[in-house]
Structures are given as structure tokens and as C-alpha cells.
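Commentary on secondary and tertiary structure
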Amino acid sequence: MNTQTQLSIDLGAVAELSRSKQEPEWMTALRTEAVALANSLELPVLEKTRIDRWSISSYGSYKSQAPLASLDALPEAAKGLTNSDNLIVQRNSGIVYTQVSEELKKQGVIFTDLETAIRDHADLVKPYFMKAVEANENQVTALHAALWNGGVFIYVPKDVRVESPLQALFLTDDAEATFAPHVLIVAEQFSSVSYVDNFVSSVSGAELVQNGIVEVFAKPGARVNYASVHNLEASVTDLTYRRAILDNDASIAWVVGEMNYGNTMSDTTSILHGKGSDSDAKVICVGTQEQKLNLTTRAVHWGKASTSDMITRAVMRDGATAIINGITKIEKGAQGCNGQQTEKVLMLSPKARGDANPILLIDEDDVKAGHAASVGQVNAEQVHYLMSRGITKEEAQRLIIYGFLAPVVSEIPIKSVEEQLQSLVERKLGQ
């Protein structure tokens, strides 16, 4: 089946935009090469999901943005989401607000928008940009390489531990503006950092595609905590690739809340190259109306004694559909590694559908690997037990659902973001 879509991207316009933004020649070349790739590659082939039937051609055009005088000037949809001394805000195609503490600067940490980073820190960006997720993987990744804008760059020097979480807010409120942020994190040897971002929209029903990529490079002994909450409207199609490359004894902790109202494709992958590397991924989603979600969490083990744990929780209501894929791949030679995964789907209506697909691909004998998957409705015995203790049926169901999602929600590193995710769950469930 051919899943290629016809695109109308002007090669000359992409090159001219790159030069007008004073990007280095290597970035201009990368963008223009990606345009050619986008017109030749096919869309990603997803498990039981026809992405070619989604609204995936509304990319808009690049529009410069006026800076915000203060956070009070944020649109209503984005207010109350920021709670950090180190913050970057992107609105539509460009960065509109940056706040970096003096303490962070003294540590030698670079926390800036990616467009600035490729001009001022090209030696740190070029070796990593589009290396974890490559432009030639499919049409979506090629389009991102050609059209990305705004974004965040974080560089943590060797032995530096960043105590307070860094935060970014990605807001789209203009459906005619390209919205394709790129997040790049490089954590040097024995460093540590926590990063949180929020995606929100207010485009009043106009169709738009969010095409985002996250790349994390954790050097030996480094630790990266990454939390992300996506809350985009029904008219916004969300396509996101997240990928981490881990060296010896490095670790990544993913916490992802897919709280969109529109169709969503999410791929969160950890490549455990190093000996003793570790990945912990926790993902939740709540599907409503006729929403279609395809969420993949993946761990690829190359390093000996590497470990991975994946937990995915999905709650589906109305006529929503979710395909939940957990993939543990253990390569030949990855002796002594341990990969575990759990996928659970809770359906709240007869028309809702959820498929949990645990996949183990094992090419080595001396390993541990396990999976658990379940799809079902709210447990009637649990409801009955709670009701026997004087709790109403509605409250009993609510408590069970929140307990079902708690292993992920409670892991958010910023209290206000944890509360926001809890609030989004309540809103989507109509409670």
C-alpha cells in the first residue's frame, strides 16, 4: 500500500527562509535536502492505523512572532502553566519569551531556543541535530527537518547537576502558522537535568498539524528526566517522535501525558547503546469522541546489563480508538539485560476500543524480558467494594480511574504540571 501524500513545499522558499534567519549553510542544506526527501518518502506505517486518512497536510507557513512583554500577555489557554525560573515560550512559529537564571548560567548550562543555538553554538548542535531521529526515516520526519521552527536546546556540561526543572511552553493559536518545534538535549558525562514541556492550542477549529521531534543524548553516567503534556484541540493532528540515545550507565526517565482531543501519533523510543544504561517510560492517554490514537513506546537494548521499564495506561470513552504498542528489542550481544513492559487499556463505553500490543523481540539468550497487557472495563467488584464502604457509584468509578492513571501522573517533576495533568484528566472524563 502506498501511503505517500502529495505536498506543496517550495524548495526555494525553504532555502530563502533559512538564509533570512541567518542559519549556517549546513542547516540550509539540511532543510533543502529534506524537502526532496519529503516528496519521495512515504508516511510511516502504523499498526492498525491509516494515518493517510488523517488531516496531515495543514502545515501553514512560517510567521515571525512579536516577543511577549511579560507572561501576563499569554493567551488564556496558556496562562497558569508556567512555574519555573528557567522558561522558554514558543508561540506558533517562533520564540516569544526566554528567562534563564543567573545560577544556571554560572553552571555553564546552555538553555536557549534552538534557532539561537545553531548560530551561537553550532559546534554543539551540528553533531546531534537530526541524528537520533533521521530525516530519511519517513515523510513525517523529512517534513520536520525541512520545516522545524523555534524549539529548545539544552546543554549540560560534565559533572553539572541542574537541581530545578527547566520548562518550555509550546503554544499555537494561529492555524496558518507552521508549528513544528524541535527539542535537543545533550547531557555530558555524570550530569543530570530535568525538563518539562507543555503543548497547548487555541486555533478555533481550524485544521493544523503539530510535527515535533525530541532528541536526547545522555553521555556516560548522565541522567535526564523528561516530562511532557500535550493538550491540543480536536482540529490539531499531533505527530511526535521522541528518542533518547544512552551511553554507559546513562539513564532517561520519560513521563508523557497525551491529553489531546485530536488524532495523535506518538513514538517514544530509548536506544540503550551503553553498558548498564537504563530507560523508564511512563505514558498515559485519555481518548474521547471519535479520536484516534496510536502510541508506541520502545526500548532497544544494545548494551550489556541495560534495563528498561515501560508502563502505558489508556482510558477510552465515547467512540475513541487507541492502539497501544510496547516494543522491547534485545539485540545479539546484549547479555544480562532486563526489559519489562505493561500496557493497560480501560474502556468506559461500549463503542470505545483499545488494543494493547506487547511485543518482545529477543536475539540473545542470557536476558530477562517480560510483558503484561490487559484491555477491559472498570472492575465491577472494585466498584461494589467501594460502594459497600458508603461511596457513591460515580465516585467509586472516579477513584478507580485515577488510581489506574496514578503511576504516571505522580511522576511529573513539577507540582503545578502534575496538578495540570490531573485537571486535564478530569476535564476529558467529564468529571
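Residues numbered from 1 in each chain as written. Predicted model: local features only at pLDDT ≥ 70, side-chain atom pairs only at ≥ 80, totals over all residues. Heavy atoms only, no water.

Let's talk about the overall build of the protein chain
A count of helices and strands for the protein chain gives 9 helices and 19 strands. The C-alpha radius of gyration computed for the protein chain amounts to 21 Å, which stays within 12% of the reference 22 Å derived for 431 residues, consistent with globular compactness. Oriented by its inertia axes, the alpha-carbon framework of the protein chain measures out at about 65 × 50 × 50 Å. When burial is assessed residue by residue, the protein chain has 58% of its 431 residues classed as buried. Summarising the internal contacts of the protein chain: among those between residues at least 6 apart in sequence, 83% fall at separations of at least 24. (Helix = DSSP H or I, 4+ residues; strand = E, 2+ residues; numbered from the N terminus. Rg over C-alpha atoms; globule rule 2.2 N^0.38 Å. Buried < 20%, exposed > 50% of the residue type's maximum accessible area, 1.4 Å probe, protein only. Contact = heavy atoms within 4.5 Å.)

What about the sheet that holds strand 17 (residues 338-347)?
Adjacent strands of a sheet form backbone hydrogen bonds with each other and so pair up, either parallel or antiparallel. Reading across from one edge, 2-1-5-7-9-11-13-15-17-19 is the order of the 10 strands in this open sheet, with mixed pairing throughout. The sheet is open, and its two borders are formed by strand 2 (94-99) and strand 19 (368-376), each paired with just one other strand. Recorded for the sheet is a direction-independent mean angle of 10° between the axes of neighbouring strands. The pairing of strand 15 (residues 307-316) with strand 17 spans 10 bridges and is classified as parallel. Its bridge partner lying in strand 17, Thr307 is registered against Asn338. With respect to the sheet, helix 9 (residues 415-428) is in contact with strand 5 (166-172), strand 7 (192-201), strand 9 (223-231), strand 11 (251-258) and strand 13 (278-287), its orientation differing from that of strand 9 by roughly 35°. (Pairing = 2+ DSSP bridges. Axes fitted to C-alpha atoms, helices over the stretch in contact; angles between N-to-C directions.)

Here's the deal with the nonpolar core
Within the largest apolar cluster, 46 residues are counted, with the highest numbers of intra-cluster contacts made by Leu114, Val125, Phe129, Phe153 and Leu239. Beyond its immediate sequence surroundings of up to four residues, Phe129 is in contact with Met27, Leu30, Leu114, Trp148, His182, Leu184 and Glu215. Core analysis: the second largest hydrophobic core is formed by 39 residues, Ile88, Ala168, Val183 and Ala299 among them. (Core = buried A, V, L, I, M, F, W, Y, C linked by side-chain atoms within 4.5 Å.)

Brief notes about the pairing of strand 16 (residues 321-330)
Burial analysis of strand 16 places 9 of its 10 residues in the buried class, the great majority of the element. One ladder, built from 10 bridges, connects strand 14 (residues 292-301) with strand 16; its direction is parallel. Directly across from Thr297, in strand 16, lies its bridge partner Gly326. Bridge count for strand 16 against strand 18 (residues 353-362) is 10 bridges, and the pairing is parallel. The residue bridging Thr328 from the neighbouring strand is Leu360, located in strand 18.

Observations regarding the environment of Ala13
Relative to the helices and strands, Ala13 is located in helix 1 (residues 11-20). Given the relative accessible area of 43%, Ala13 is considered partly exposed. When the C-alpha positions of Ala13 and Thr32 are compared, they lie 9.6 Å apart, and in sequence the two are 19 residues distant.

Some details on the environment of Gly336
Positionally, Gly336 belongs in the loop between strand 16 and strand 17. Between the C-alpha atom of Gly336 and that of Asn149, which follows or precedes it by 187 residues, the distance is 41 Å. Apart from residues no more than four positions distant in its own chain, Gly336 is found in contact with Ala305, Asp366 and Val367.

Notes on the packing of helix 7 (residues 380-387) against helix 8 (residues 393-409)
When two helices pack together, their arrangement is given by the angle between the helix axes and by the axis-to-axis distance. Where helix 7 meets helix 8, the closest approach of the two axes is 9 Å, and the angle between their N-to-C directions is 125°. Taken together, helix 7 and helix 8 sit at an angle that is classed as oblique. Crossing hand, helix 7 versus helix 8: right-handed. Contacts from Gln382, Val383, Leu386 and Met387 of helix 7 reach helix 8 at Lys393, Ala396, Gln397 and Ile400. When grouped by side-chain class, the residues that make up the contact of helix 7 with helix 8 number 5 nonpolar, 2 polar and 1 charged. (Parallel < 35°, antiparallel > 145°, perpendicular 65-115°, else oblique. Left-handed = near helix turned anticlockwise from the far one by under 90°. Nonpolar A, V, L, I, M, F, W, Y, C, P; charged D, E, K, R; others polar.)

Description of the pattern of salt bridges
One pass over the structure, following the stated rule, counts 19 salt bridges. One salt bridge connects Glu23 with Arg31, and the closest N-O pair in it is separated by 2.9 Å. Residue Arg31 is classed as buried on the basis of its relative accessible area of 4%. For the salt bridge of Lys105 with Glu102, the shortest nitrogen-to-oxygen distance reads 3.5 Å. Taken together, the positions of Lys105 and Glu102, both in helix 3 (residues 102-106) and 3 residues apart, correspond to about one turn of that helix. A relative accessible area of 46% places Lys105 in the partly exposed class. A network of salt bridges, in which partner residues are shared, links Lys21, Glu23, Arg31 and Glu115. (Salt bridge = Lys/Arg side-chain N within 4 Å of Asp/Glu carboxyl O.)

What to know about the sheet that holds strand 4 (residues 152-156)
Spatial ordering of the open sheet is given by 3-4-6-8-10-12-14-16-18, a layout of 9 strands whose pairing is mixed. The sheet terminates laterally at strand 3 (110-113) and strand 18, the two strands that pair on one side only. Averaged over all neighbouring strand pairs, the angle between strand axes comes to 5°, with direction disregarded. Bridge analysis of strand 8 (residues 208-218) against strand 10 (residues 236-246) gives 11 bridges, and the strand direction is parallel. Each bridged residue has a counterpart across the sheet, and for Glu215 the counterpart in strand 10 is Arg243.

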